[in-house]
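# Fold and geometry: a report
Below, each chain spelled out in residue letters.
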Amino acid sequence: MTEPMMKPPKIATSPVVWIRQNLFSSWYNSLLTLVVGYLVVTSVGPLFNWLFFDATFLGDEPSDCTGTGACWLFISERLNFFIYGFYPDDLQWRVDVMFGLLALSFIPQFIEGFPGRKWFGLFGLTGLPVVGYFLVPGGYFGLEVVESSKWGGLMLTLILAYIGIIASLPIGIVLALGRRSEMPIIRGICVVFIEVWRAVPLITVLFMASVMLPLFLPDGVNFEKLMRALIGITLWQSAYMAEVIRGGLQAIPRGQYEAADALGLGYWKKTGLIILPQALKMVIPGIVNTFISLFKDTTLVLIIGLFDILGTVQSTITDPAWRSVAIEGYVFVAFCFWIFCFGISRYSQNLERKLDTGHKT
Amino acid sequence: MGNTMTEQTQAPESLNSVPSQKDESSAIIRVEGMNKWYGDFHVLKDLNLDVRHGERIVICGPSGSGKSTFIRCINRLEEHQKGKIIVDNIELTDDIRHIDTVRREVGMVFQHFNLFPHLTVLENCCLSPIWVRKTPRKEAEEAAMEYLTRVKIPDQANKFPGQLSGGQQQRVAIARALCMKPKIMLFDEPTSALDPEMIKEVLDVMIELAGSGMTMICVTHEMGFAKTVADRVIFMDGGEIVEQAPPQEFFSNPREPRTQKFLEQILQH
């Protein structure tokens, strides 16, 4: 070819050209742009007005809420209750320490190259629950006892979700492996456990735990209501987790098992070094999905009289001292849940990227 | 494609300096009257085979003849139902300890490599020495690097298997098996899943290994490889050993009609 090579098409950079090409390229696109534009202006505008511009942020008492927008004063005034429930004011530092440790364990996970972030994460999964076990209820090292009936708000939500999550993962792994075991008794036990727990709604589990379980227990043996709820949530969640993990186990090619066998790795080494790392990595999206749904399902403890963050908000929005603040309350709860669930989701994407070894089969 | 490897691929002279430990008297693998069924299907019929120390055996035959199943029985990836398999003086039974002992001494290379995709090449090689042989990590890594050098890919040690070509992956798989310092190596169609231009690099490594005196059983369709390195070629068909002979005799003067037909098909196309 003697002709000079064609130059690549020139890419328009002017905003006017961009708008014409993308928003007004034909008569129906122009119409759509106008309609959507109108909807955005008429709905987002008032929303922002309500959320921010007309809202009341400053003040001391309900009567300061004079604007036509949201009364965020309600949230800031009651924030202590929403976070700690009835936990005594002078002992709240103990909970604050736990919040701090939680942040310390997991915020480094989002920062690429943070020195020793693996150890922070490991502490979050192992040390943190132990510290919490001594610190939050008290009764050890001269710490004053705080009954679990006084716990509430965000703190209770986090305790339920966190313990449910970190306890259900290992139990789920064991159940998933058991269900694929060649030993009929172990397999049978796991199948029955999974199918029974997965077939009941969480509400039923919570009712059983709080109302019926005490009837079956011998006199003198008595768990706290919170403990019973935790056990119920964990076992219920483990059944779901087991099935998610089993999906990953089944996706591992047979060749991986055979290669591990041929190298003389026994069952446990094969499972721990070869099969589980790959299976868990493969089902990270499923595991995270389960975590997030558990996090939100913890709100159901409201029905057995535990005041999680939604419970604390719900019990205060009817306060006659304030004008109607239900929307503010629910928006606040939704925002809190969104922050945590979005964090979990982002972390899992981060993890998936990090664990990607370029092997796609 | 059977003729791609012919006399031009000789074992390098230097590697023959390793003394081959051929002990004519004792068999390292002994298979006696072995039978295997998949349900009602009789897949292996009355197999008998003695393999001497340092012997290099090539098993060939049409697909479905049971040759892969046969070598997979030797490290108990498949279970046999009747007869005996004795590897390195240990009989393979249901006893898991015996199976583990045998597997430590028998390396295997698979058609589809079966490398562990979540571990680097070096970690793939060190895994079993560290966890099964209890070799200190540093020592295991040094040994692994030696074997990776031997299969000519020391520079890929810190990559993941997914980043390597098929031929490279198969060479890593060979190095991984060798890191356990096995007495016997089994190859289950090691070049069948490779692109033609990568077959030679894998066969070269195998030829080198054969020159070092390793006991090898290799299921393959590479007749050039069989001619070059095999002490004995075994032809299987329909779950039976039809014929076995040294390669010159096997290729030039096959006795059984089934062998003749197979060789005609594989060598003339």
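Residues numbered from 1 in each chain as written. Chains lettered and ligands numbered in written order. Predicted model: local features only at pLDDT ≥ 70, side-chain atom pairs only at ≥ 80, totals over all residues. Heavy atoms only, no water.

Below, the discussion takes up the overall build of chain B. Of regular secondary structure, chain B possesses 9 helices and 10 strands. Every one of the 269 residues in chain B was classed for burial, and the buried ones make up 56%. Long-range contacts, defined here as pairs at least 24 residues apart, represent 68% of the contacts in chain B between residues at least 6 apart. Surface exposure of chain B reaches about 11600 Å², of which carbon and sulfur atoms provide 48%. (Helix = DSSP H or I, 4+ residues; strand = E, 2+ residues; numbered from the N terminus. Buried < 20%, exposed > 50% of the residue type's maximum accessible area, 1.4 Å probe, protein only. Contact = heavy atoms within 4.5 Å. Areas by Shrake-Rupley, 256 points an atom, 1.4 Å probe, with all protein chains shown as cover.)

Bringing the packing of helix α6 (residues 153-179) of chain A against helix α12 (residues 284-297) of chain A into the picture now. All names here are of chain A. At a minimum axis distance of 9 Å, the contact between α6 and α12 shows a crossing angle of 150°. The angle between the axes of α6 and α12 places the two elements in the roughly antiparallel class. Where α6 crosses over α12, the two elements pack in a sense that is right-handed. Taking contact as the criterion, the partners of T157, L158, A161, G164, I165 and L169 in α6 are, on α12, I287, F291, L294 and F295. (Axes fitted to C-alpha atoms, helices over the stretch in contact; angles between N-to-C directions. Parallel < 35°, antiparallel > 145°, perpendicular 65-115°, else oblique. Left-handed = near helix turned anticlockwise from the far one by under 90°.)

Residues and elements named next belong to chain B. Read across the open sheet, the 4 strands follow the order β2-β1-β4-β5; overall the sheet is antiparallel. Only two strands of the sheet have a single partner each, and these edge strands are β2 (41-52) and β5 (90-91). Where strand β1 (residues 27-38) meets strand β4 (residues 82-87), 5 bridges bridge the pair, whose relative direction is antiparallel. Across the sheet, V31 pairs through a bridge with I85, a residue of β4. Strand contacts of helix α1 (residues 67-74): β1, β2 and β4, with the helix running at about 125° to β1, the strand carrying the most contacts. (Pairing = 2+ DSSP bridges.)

A word on the packing of aromatic side chains. Residue and element names in this part refer to chain A. Counted according to the given criterion, the structure contains 19 aromatic pairs over all chains. Centroid distance F48 to F52: 5.7 Å. Interplanar angle 50°. Geometry classified as tilted. Of the two residues, F48 and F52 are both situated in helix α2 (residues 27-53); the distance of 4 residues between them amounts to about one turn of the helix. On the basis of relative accessible area, F48 is assigned to the partly exposed category, the value being 38%. (Phe/Tyr/Trp six-rings, centres within 6.5 Å; stacked < 30°, edge-to-face > 60°.)

Before going further, it helps to spend a moment on the pattern of salt bridges. Counted under the stated rule, the structure contains 30 salt bridges over all chains. The closest approach of N and O atoms between A:R198 and A:E195, which form a salt bridge, is 3.3 Å. Here A:R198 and its partner A:E195 are both found in helix α7 (residues 184-198), 3 residues apart, which amounts to about one turn of the helix. B:R56 is paired through a salt bridge with B:D231; the nearest N and O atoms lie 3.2 Å apart. Taken together, the positions of B:R56 in strand β3 (residues 56-60) and B:D231 in the loop between α7 (223-229) and β9 (232-237) put the pair 175 residues apart, joining distant regions of the chain. (Salt bridge = Lys/Arg side-chain N within 4 Å of Asp/Glu carboxyl O.)

In an α-helix, one full turn covers 3.6 residues, which means residues spaced three or four apart are oriented alike. Residue and element names in this part refer to chain B. For helix α4 (residues 137-150), spanning 14 residues, the distance from its first C-alpha to its last is 20 Å, which sits close to the expected 20 Å at 1.5 Å a residue. The complete set of buried residues in α4 reads A140, A143, A144, Y147 and L148. Buried residues of α4, viewed axially, fall in a sector of 140°; they line one side. In α4, the exposed positions that point more than 90 degrees away from the buried face belong to K138 and E146. (Expected span 1.5 Å × (residues − 1). Arc of directions from axis to C-beta.)

Before going further, it helps to examine the side chain of B:T69. Looking at the secondary structure, you find B:T69 in helix α1. Contact partners of B:T69, with chain neighbours within four places excluded, come to B:K36, B:Y38, B:V43, B:L44 and B:E78.

Residue and element names in this part refer to chain B. Despite not being glycine, D88 has its phi angle at roughly 50°, a positive value. Here D88 shows up in the loop between β4 and β5. Residue D88 is classed as buried on the basis of its relative accessible area of 18%. A positive phi angle, near 65°, is found at F113, a position not held by glycine. Turning to its location among the elements, F113 is positioned in the loop between β6 (106-109) and α3 (121-131). Judged by relative accessible area, which is 11%, F113 ranks as buried.

With that out of the way, let us pick up the state of the cysteines. Between two cysteines, a covalent bond joining their sulfur atoms is known as a disulfide. Residues and elements named next belong to chain A. Within this structure, the stated rule accounts for 0 disulfides over all chains. Left without a disulfide partner, C336 is nearest to the cysteine sulfur of C341, which lies 11 Å away. By relative accessible area, which is 10% here, C341 ends up buried. (Disulfide = S-S within 2.5 Å.)

A few words on the domain arrangement of chain A. Residues and elements named next belong to chain A. Considered domain by domain, chain A is made up of domain 1 (87-146) and domain 2 (149-355). A separation of 20 Å is found between the C-alpha centroids of domain 1 and domain 2. Taken residue by residue, the interface counts 16 residues in domain 1 and 12 residues in domain 2. Taken together, both faces of the contact between domain 1 and domain 2 bury some 1200 Å²; the carbon and sulfur share is 72%. Applying the counting rule to domain 1 against domain 2 returns 4 residue pairs in polar contact (both at pLDDT 80 or more). Counting residues per element, the ones that place at least two in the side of domain 1 that touches domain 2 are α4 (92-106) and α5 (117-135). Examining the composition of the side of domain 1 that touches domain 2, we find that 5 residues originate from one element, α5, more than from any other. A per-class count over the side of domain 1 that touches domain 2 returns 12 nonpolar, 2 polar and 2 charged. (Domains from an automatic or database assignment. Buried area = accessible area lost by both parts, 1.4 Å probe. Polar contact = N/O pair within 3.5 Å; in protein donor to acceptor, adjacent residues only side chain to side chain. Nonpolar A, V, L, I, M, F, W, Y, C, P; charged D, E, K, R; others polar.)

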